[in-house]
Amino acid sequence: DSTAVAWVLAAYAIGLLAYGAVRLFATAFYADQDTRTPVRIAVGALVMNVALGIALAWRIGTTGIALATALAAIANATALGVILRRRLGALFAGSAASDTARMLAGALTAGALAAFPYAWLLGRWPGWDLPERILGTACVYGGIGVAYLVVSRALGVDELRGIRDRFARRGAGR
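How each quantity is defined
Residue positions are given per chain, counting from 1 as you read along its sequence in written order. The model is predicted, so local features are restricted to residues of pLDDT at least 70 and side-chain atom pairs to those at 80 or more, both for listing and for counting; the totals for chains, interfaces and linings are taken over all residues. Side-chain metrics in this entry use all non-hydrogen atoms of the structure; hydrogen atoms and water are not considered. Secondary structure follows DSSP: runs of H or I at least 4 residues long count as helices, runs of E at least 2 residues long count as strands, and numbering of each begins at the N terminus. With the radius of gyration taken over C-alpha atoms, the globule rule is written as 2.2 Å times the number of residues to the power 0.38. Here's how the labels work: a residue is buried when its accessible area is under 20% of the maximum for its type, exposed when over 50%, partly exposed in between, all with a 1.4 Å probe on protein chains only. Whether two residues are in contact is decided by their heavy atoms, any of which lying within 4.5 Å being enough. The Shrake-Rupley method, run with a 1.4 Å probe sphere, supplies the accessible areas, and residue values consider only the shown protein chains as cover. The sign given to each residue is positive for Lys and Arg and negative for Asp and Glu; His and the chain ends receive no count. By convention, the point assigned to a charge is CZ for Arg, NZ for Lys, CD for Glu and CG for Asp. As defined here, a cavity is a set of points on a 1 Å grid over the protein atoms alone where a 1.4 Å probe fits but cannot get out. A pocket is an open set with protein on both sides within 12 Å along at least five of seven lines, and residues line them when an atom is within 4 Å of a point. Grid points are joined across faces, edges and corners, and a volume is the space filled by probe spheres set on the points. Any residue that is not Ala, Val, Leu, Ile, Met, Phe, Trp, Tyr, Cys, Pro, Asp, Glu, Lys or Arg is counted as polar, Gly included; the first ten are nonpolar and the last four charged. As a rule, the C-alpha atoms of each element are fitted with a line to give its axis, helices using only the stretch in contact, and angles between N-to-C directions run from 0 to 180 degrees. Geometric relationships in this document are graded by angle, where less than 35 degrees denotes roughly parallel, more than 145 denotes roughly antiparallel, 65 to 115 denotes roughly perpendicular, and other angles denote oblique. Handedness of each helix crossing follows the sense of rotation of the near helix against the far helix: counterclockwise by less than a right angle gives left-handed, clockwise gives right-handed. A helix is expected to span 1.5 Å multiplied by its residue count minus one.

Visitor: Which residues make up the overall build of the protein, and what values do they have?
Guide: Counting its regular elements, the protein contains seven helices and zero strands. Of the regular secondary structure in the protein, the N- to C-terminal order runs α-α-α-α-α-α-α. Relative to the globule expectation of 16 Å for 174 residues, the C-alpha radius of gyration of the protein, 20 Å, shows a markedly less compact shape. Along the three orthogonal principal directions, the C-alpha set of the protein runs to about 55 × 50 × 30 Å. A total of 174 residues make up the protein; the buried ones form 26% of that total. When contacts within the protein are restricted to residue pairs at least 6 apart in sequence, those whose partners lie at least 24 apart make up 67%. For the protein, the accessible area works out to roughly 11500 Å², and carbon and sulfur atoms hold 68% of it. If the 17 positive side-chain charges of the protein are averaged to one point and the 9 negative ones to another, these points end up 5 Å apart.

Next up, the structure:
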């Protein structure tokens, strides 16, 4: 059932940032010759994942297993980040901190704006053919991207200027 798959993917998406952060933070520990800390935290996250997976599967089915995985990844990333911060000091300072906050605001705004069209899309999904589903999905996710870019630009995210300048240089170089 495609609606069930959509809910499972949405639950996994909650942890998307955390999955990447775990990889990044674990690499920082490895660079510091510490392989034990990430493994210990990963074992704790695994135990949490199993316990939450069982509990949530009883309550909300397959989506609960995906949600448990996302929540365990968030816990894993948070624990690794807290320990890194204690060891290294501030992970984000100066403009990096403010740009990160601006990008997060852009992502949260885009996500909030996407919730309504996403709900609309899910309500109509079962009656649509494949081309309609592809077009509907492309429109929703394209809209999320546009919303992110508009909000991030309005908030003055410096990285967007860098991307724009890079494309401008490529175009001028041809």
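Visitor: Which residues make up the layout of surface pockets, and what values do they have?
Guide: For the largest pocket, the calculated volume is near 770 Å³. Along its surface, the largest pocket is lined by 25 residues, and Ala10, Ala13, Tyr118, Tyr141 and Ile144 are the ones closest to its centre. Among the elements that make up the lining of the largest pocket, the one with the highest residue count is helix 5 (residues 95-124) (12 residues). Among the residues making up the lining of the largest pocket, the classes are represented as 22 nonpolar, three polar and no charged.

Visitor: Tell me about the environment of Ala105, and name the residues and values.
Guide: Relative to the elements of secondary structure, Ala105 occurs in helix 5. Relative accessible area serves as the criterion here: at 29%, Ala105 is assigned to the partly exposed category. In this structure the C-alpha to C-alpha distance between Ala105 and Val151, which are 46 residues apart in sequence, comes to 7.9 Å. Setting aside chain neighbours within four positions, we find Ala105 in contact with Val151 and Leu155.

Visitor: Explain the packing of helix 1 (residues 2-13) against helix 4 (residues 62-88) residue by residue, including any values.
Guide: Remark: helix 1 packs on helix 4, axes separated minimally by 7 Å, with the N-to-C direction vectors making an angle of 15°. Here helix 4 runs roughly parallel to helix 1, going by the angle between their axes. As for how helix 1 packs across helix 4, the hand of that crossing is right-handed. Between helix 1 and helix 4, the contacting residues are Trp7, Val8, Ala11 and Tyr12 on the first element and Thr62, Thr63, Ala66, Leu67, Thr69 and Ala70 on the second. Residue composition of the contact of helix 1 with helix 4, grouped by class: seven nonpolar, three polar and no charged.

Visitor: Go over helix 4, please, and point to the residues and values.
Guide: In this model, helix 4 (27 residues) spans 39 Å end to end at C-alpha, consistent with the 39 Å of a helix rising 1.5 Å per residue. Turning to helix 4, its buried residues number three or more, namely Thr63, Gly64, Ala66, Ala68, Ala70, Ala72, Ala73, Asn76, Ala77, Leu80, Gly81 and Leu84. Buried-residue contacts for helix 4 involve helix 1, helix 2 (16-31) and helix 3 (36-60). In the stretch just after helix 4, Gly89 is the one whose phi turns positive, near 90°.

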